[in-house]
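Reading the structure
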Amino acid sequence: MAEAQNWVPQGIDTTVPSMARVYDYILGGAHNFAADRQVGSQIEKLVPGLQNVARLNRRFLGRAVNFLMDQGIRQFLDIGSGIPTVANVHEVAQNRDPDARVVYVDKDPVAYAHSQLLLADNENAAVVQADMRDPEAVLGSPEVGRLLRLDEPVGLLLLLMLHWVPDEDGPEKLVAHYRDALPAGSFVVMTHVAKDQIDENVDQAAAVVNQSRSADRMHMRTHAQVSMLFDGFSLVEPGLVGCGEWRPDGPGDFADEASMNMFLYAGVGRKD
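A brief report on the enclosed structure follows. (Residues numbered from 1 in each chain as written. Predicted model: local features only at pLDDT ≥ 70, side-chain atom pairs only at ≥ 80, totals over all residues. Heavy atoms only, no water.)

For the rest of this paragraph, the subject is the overall build of the protein chain. Across its full length, the protein chain carries 11 helices and 8 strands. Relative to the 2.2 N^0.38 estimate, which gives 19 Å for 272 residues, the radius of gyration of the protein chain is 17 Å and therefore close to what a compact globule would have. When its C-alpha atoms are laid out on the principal axes, the protein chain stretches across 45 × 40 × 40 Å. Each of the 272 residues in the protein chain was classed as buried or not, and the buried ones make up 56%. Here the contacts in the protein chain between residues at least 6 apart in sequence split such that 74% fall between residues at least 24 apart. Averaging the positions of the 23 positive and the 38 negative side-chain charges in the protein chain gives two centres separated by 1 Å. (Helix = DSSP H or I, 4+ residues; strand = E, 2+ residues; numbered from the N terminus. Rg over C-alpha atoms; globule rule 2.2 N^0.38 Å. Buried < 20%, exposed > 50% of the residue type's maximum accessible area, 1.4 Å probe, protein only. Contact = heavy atoms within 4.5 Å. Lys, Arg positive; Asp, Glu negative; His and termini not counted. Charge placed at Lys NZ, Arg CZ, Asp CG, Glu CD.)

Right under this line is the structure:
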């Protein structure tokens, strides 16, 4: 069983699911526990195309990083980076410029441990174990201090993260905190579950997450609500659209089923 293998960091309660590890399971990864697989399989039964949605999100990430590279961005802060998989941010960016610098942030101990292993020999990439809701801990970390020059434009990545922040915790203020720490010319990249594009099965899937023992709770938002998270940024074309509709390069970037392309809103904004 995975729970008995030596990749499991000490002190983890393997009976409590983590959304980072549930996402790893949905992507077909191996770094998850029975509790994560149970939640993941329940969600997949309700939303059979969820693995495709996860794939589209990763494809969007690659396109967005390449777009930012085209704009001259050479340093990235990836908040909620998750368990390393294929086409990670540093791989996409450093394939084009070996001097590109990346700091990953995740609170999940498995994601943190495996990111450390992956980046052990990479002097231009590092990982911080922190909660995105503590921007002082993120921005004040030694890793950010070593790798990122906050007086130069930064690519801030917030993929599949802000729907874990309830309205009462002020997601707009959280994004604004990070935005205000970055100079003009920086970019933000977001994906967010689309409340006004889903059916009752997705509501039931969200209920599975929210009723599990995980500390994470899903808060879906409408197009108008997600647009407000880009306050202080100018959305680049084509604006806030379905994940599969943001500048697709080929058939692998979108799904045949239109609803899968619209399951997540995706957008890139520039700080002027």
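Here the focus is the pattern of salt bridges. According to the stated counting rule, one finds 13 salt bridges in the structure shown. Measuring nitrogen to oxygen at the nearest pair gives 2.9 Å for the salt bridge that ties Arg21 to Asp36. With Arg21 in helix H1 (residues 19-26) and Asp36 in helix H2 (residues 34-46), this pair connects stretches of sequence that are 15 residues apart. For the residue pair Arg21 and Asp36, the accessibility class agrees, reading buried in each case. Several salt bridges share partner residues, and in doing so they unite Arg21, Asp36 and Asp108 into one network. (Salt bridge = Lys/Arg side-chain N within 4 Å of Asp/Glu carboxyl O.)

Another aspect to go through is unusual backbone geometry. Omega for the peptide link from Glu237 to Pro238 comes to 10°, which places this bond in the cis form. Along the chain, Pro238 falls in the loop between strand E6 (234-235) and strand E7 (241-242). Although it is not a glycine, Leu160 sits at a positive phi angle of roughly 55°. Inspection of the secondary structure puts Leu160 in the loop between strand E4 (155-159) and helix H8 (171-180). Judged by relative accessible area, which is 16%, Leu160 ranks as buried. Even without being glycine, Arg247 reaches a positive phi, approximately 45°.

Note that Gly28 resides in the loop between H1 and H2. Using a relative accessible area of 58% as the deciding quantity, one classes Gly28 as exposed. The spatial distance from the C-alpha of Gly28 to the C-alpha of Thr85 is 9.4 Å, given a sequence separation of 57 residues.

Below, the discussion takes up the packing of aromatic side chains. Summed over the entire model, instances satisfying the criterion amount to 3 aromatic pairs. Each ring, one from Phe60 and one from Trp246, has its centre 5.4 Å from the other, and the planes form 85°; the classification is edge-to-face. Of this pair, Phe60 sits in helix H3 (residues 50-70) while Trp246 sits in the loop between E7 and helix H11 (258-261), placing them 186 residues apart in sequence. We classify Trp246 as buried; its relative accessible area is 1%. Taken together, a centroid distance of 5.8 Å and an interplanar angle of 85° make the contact between Phe67 and Trp246 edge-to-face. Placement of the pair is Phe67 in helix H3 and Trp246 in the loop between E7 and H11, with a sequence separation of 179 residues. Residue Phe67 is classed as buried on the basis of its relative accessible area, which comes to 10%. An aromatic cluster is present here, built from Phe60, Phe67, Phe187 and Trp246 joined pairwise through their rings. Above the plane of the ring of Trp246 lies Arg247, whose end atom (NZ or CZ) is 5.2 Å from the centre. (Phe/Tyr/Trp six-rings, centres within 6.5 Å; stacked < 30°, edge-to-face > 60°. Lys NZ or Arg CZ within 6 Å of the ring centre and 35° of its normal.)

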